[in-house]
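Observations on the model geometry
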Amino acid sequence: IVRPFSEIPGLWKNGVVNLYNFWKLNGFRNLHRIMLQNFNTFGPIYREKIGYYESVNIIKPEDAAILFKAEGHYPKRLKVEAWTSYRDYRNRKYGVLLKNGEDWRNNRVILNKEVISMKMLENFVPLLDDVGQDFVARVHKKIQRSGQNKWTTDLSQELFKYALESVSSVLYGERLGLMLDYIDPEAQRFIDCITLMFKTTSPMLYIPPALLRQVGAKVWRDHVQAWDGIFNQADRCIQNIYRQLRQETETSKEYPGVLGSLLLLDKLSIEDIKASVTELMAGGVDTTSITLLWTLYELARHPNLQEELRAEVAAARTASQGDMLDMLKRIPLVKGALKETLRLHPVAVSLQRYIAEDIIIQNYHIPAGTLVQLGLYAMGRDPKVFFRPEQYLPSRWLRTETQYFRSLGFGFGPRQCLGRRIAETEMQIFLIHMLENFRIEKQRNVEVQSTFELILLPDKPIILTLKPL
Ligand code: HEM
Ligand code: 2DC
C-alpha cells in the first residue's frame, strides 16, 4: 500500500526553526553537504522546509525518471524570487529563464532553433575555435614573459574572460577582445557583477526578497547593483548590434550571431529578445569557466589520464585533418571527462520541478503542485548509483548503462539548459587546445571542495602550473 504524503520523513513542520538551524550550520554555503547528510539520515526521499522554501528531495535515477515524466507540458523550476523581484522592481521583462507557461514555451521553441539545435554548431564552432586559439596564444605569451618556461596561477579570472568572450562571440557574432592585454573595464565589471549576483541570490532563497527590500537589507541592495551592472553592459552590446544591423543595406551571407539571427527572424518582440539574450550572456560566464577549472584540476591530479586524453585529441586531429566540427565527433573520452566533472562538481546542486500530476516515489504519494528536487550533487557521489564514486573515471561514461538518468548536469527535457550546446562545444574546444599545447600540473596536495554560492564553486583558489609541451 502507498503511504501518504504526510509520512515522508524529514523536517518540514517548522520552517523558521529549520531556517535557524540551517543558518547555524552555515547552510547558505553548505547546502550540498547538508543535502547529502539528509539523504544519509532519512534515506532516498525526504521532505523539508527551510524558511519559506518547501520541497520533497529524491536521489535515485529511477525516481528522477518518474519526476521528469510528471513535469507536464510547461515544466516549472523553483522560482528564484530574487531574480523575478529585481525584474519587477526595475520593470524589465522576464526572459526564457524566468518565464513560465505558454509564454515560456513560445519563446523557448524559437530560441531552441537558434541556440541549442545541432544545426547551429556549424556556425558556432568556427567562432569558438578562434577564441580557443587566442586563449592558447595568450597562455604562451604569459609563459614567455615569466622567463621560467611555465606559468603558475589561479586561472579563474582568465577562464571567466574566456567564457564571456566565447558566449559573446556566439551571441553577437563579434569579439569583445578579452584575450588581449588591456581589456574594457566595463567587461571586467560585468564579470564581477555576475559573481556578486549569484552570491547575493542564495540567502534570498530562504528569506523573501520583498521583506529584505522593505528593511533595506544590504544583500538586496547589492543584488540590485549586480543586476543593474549586468543589464547595462548587455544593453550596450545589444544596442550596438541592433544599430549595425539597421545600417546594413544588403544582408551579408556571414552568420550574424544569435542576436542578429533572432532580430532578422522577427518572430519574437525586441523586448523578449533582449531579455533572453541578457540571460544567455549572464548565464554563460561562471558556469562553463568553473567547470573547466574543475576539469583542469582533475587532469592535473591524474597525469596518466591527461596523457590518455592528449592521445585521443592527437588522433582526432589527424583523422579529421583539422576540421574542428568533425574532430568534435572523435573525442568520446574528452566528453566523458566533462560529464565526470559535472558528476563530482555539478554547477547546479539540484534539479527541481513543480510536478504537474500526482506521482508515487519510494512508495509515497506526492500530490500535483509539489516542488520535487533531485539532489544532483548527492546523486553524483552515491555509491549505490556510481561504482566507486570518489574516483574520477571519464571512461565510465563510455558504457551505455551509465547513462540512464545519471548524466543530468544540464538538466532534462524541454526545460533543460538552453546554453547546453554552446557550453559543451566551448568546453570541448577549450580542452582540445589546452591538451595540444600544455601539460597541466598542480601544487602538492591541496584538497579543494565545493562551496554553495547559488552555483557550486571551489572553496579555495585552485593554483595550476601550465608547461608548454
Ligand atoms: C538552465 C546547467 C551553461 C543558460 C540550466 C539548468 C541547469 C544548467 C542545470 C536548469 C535545467 C533544468 O531545470 O532542467 C548549466 C551548466 C552549464 C551551463 C552545467 C555549463 C557547464 C550555460 C550557458 C548558458 C546557459 C553557457 C548560456 C549561453 C541557461 C539558461 C537556462 C539554463 C537560459 C534556463 C532555460 C529555461 O528555463 O528554459 N543550466 N548551464 N547555461 N541555462 Fe545553463
Ligand atoms: C540553486 O535550491 C539551488 O544554469 C536552489 O545559467 C535551486 C536552484 C534553482 C535554479 C537553478 C539554481 C539552483 C542553480 C543555478 C541555475 C538555476 C537555474 C539556472 C541557473 C542552474 C539549483 C544557471 C546557472 C543559469 C543562470 C542564468 C543567469 C541569467 C542567472
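Just above sits the structure.
Residues numbered from 1 in each chain as written. Chains lettered and ligands numbered in written order. Predicted model: local features only at pLDDT ≥ 70, side-chain atom pairs only at ≥ 80, totals over all residues. Heavy atoms only, no water.

**A look at the pattern of salt bridges**
Applying the stated criterion across every chain, the model contains 31 salt bridges. Between glutamate 54 and arginine 47 there is a salt bridge, with its nearest N and O atoms 3.6 Å apart. The exposure class of glutamate 54 is partly exposed, given its relative accessible area of 37%. Arginine 47 sits in the buried class, given a relative accessible area of 8%. Residues arginine 138 and aspartate 181 are paired through a salt bridge, measuring 3.7 Å at the closest nitrogen-oxygen approach. Of the two residues, arginine 138 is situated in helix α6 (residues 121–146) and aspartate 181 in the loop between α7 (156–172) and α8 (185–201); the sequence distance between them amounts to 43 residues. Residue class for aspartate 181 comes out partly exposed when judged on its relative accessible area of 38%. Each member of the salt-bridge network shares a partner with another, and the members are Arg138, Lys141, Arg145, Glu158, Lys161 and Asp181. (Salt bridge = Lys/Arg side-chain N within 4 Å of Asp/Glu carboxyl O. Buried < 20%, exposed > 50% of the residue type's maximum accessible area, 1.4 Å probe, protein only. Helix = DSSP H or I, 4+ residues; strand = E, 2+ residues; numbered from the N terminus.)

**Topic: the coordination of the iron atom of ligand 1**
Just one protein ligand coordinates the iron atom of ligand 1, and it is Cys417 (SG) at 2.3 Å. Position of cysteine 417 among the secondary structure elements: in the loop between α17 (376–380) and α18 (420–437). (Donors = N, O, S within 2.8 Å, 3.2 Å for Na, K, Ca; no water.)

**A word on unusual backbone geometry**
Of note in the backbone geometry, asparagine 149 takes a positive phi value of approximately 60 degrees without being a glycine. In this fold, asparagine 149 is placed in the loop between α6 and β4 (151–154). Taking relative accessible area as the criterion, asparagine 149 reaches 52% and is therefore assigned exposed. Here glutamine 321, not a glycine, exhibits a phi torsion of approximately 50 degrees, which is positive. Mapped onto the secondary structure, glutamine 321 falls in the loop between α14 (303–320) and α15 (324–327).

**Details of the site of ligand 2**
Inspection of the region around ligand 2 gives 20 residues, with Tyr53, Glu279, Ser350, Gln352 and Leu454 positioned closest. Contact between ligand 2 and tyrosine 53: an oxygen atom at 2.8 Å from a side-chain N or O atom of the residue. The protein chains hide 90% of the 630 Å² of surface that ligand 2 would expose on its own. Every element with two or more residues in the shell around ligand 2 is listed here: α8, α12 (270–283) and β5 (350–354). For the shell around ligand 2, the element with the most residues is α12, which contributes 3 residues. Split into classes, the residues belonging to the shell around ligand 2 amount to 14 nonpolar, 4 polar and 2 charged. (Near = heavy atom within 4 Å. Polar contact = N/O pair within 3.5 Å; in protein donor to acceptor, adjacent residues only side chain to side chain. Areas by Shrake-Rupley, 256 points an atom, 1.4 Å probe, with all protein chains shown as cover. Nonpolar A, V, L, I, M, F, W, Y, C, P; charged D, E, K, R; others polar.)

**Observations concerning the site of ligand 1**
In the vicinity of ligand 1, 27 residues are found, and the nearest of them are Arg77, Arg108, Arg353, Arg415 and Cys417. Contacts to ligand 1 include arginine 108, whose side-chain N or O atom sits 2.7 Å from an oxygen atom. Here an oxygen atom of ligand 1 and a side-chain polar atom of arginine 353 are 2.7 Å apart. Elements with a minimum of two residues in the shell around ligand 1: α5 (101–115), α12, α13 (286–301), β5 and α18. Counting residues per element, the shell around ligand 1 draws most heavily on α13, which supplies 3 residues.

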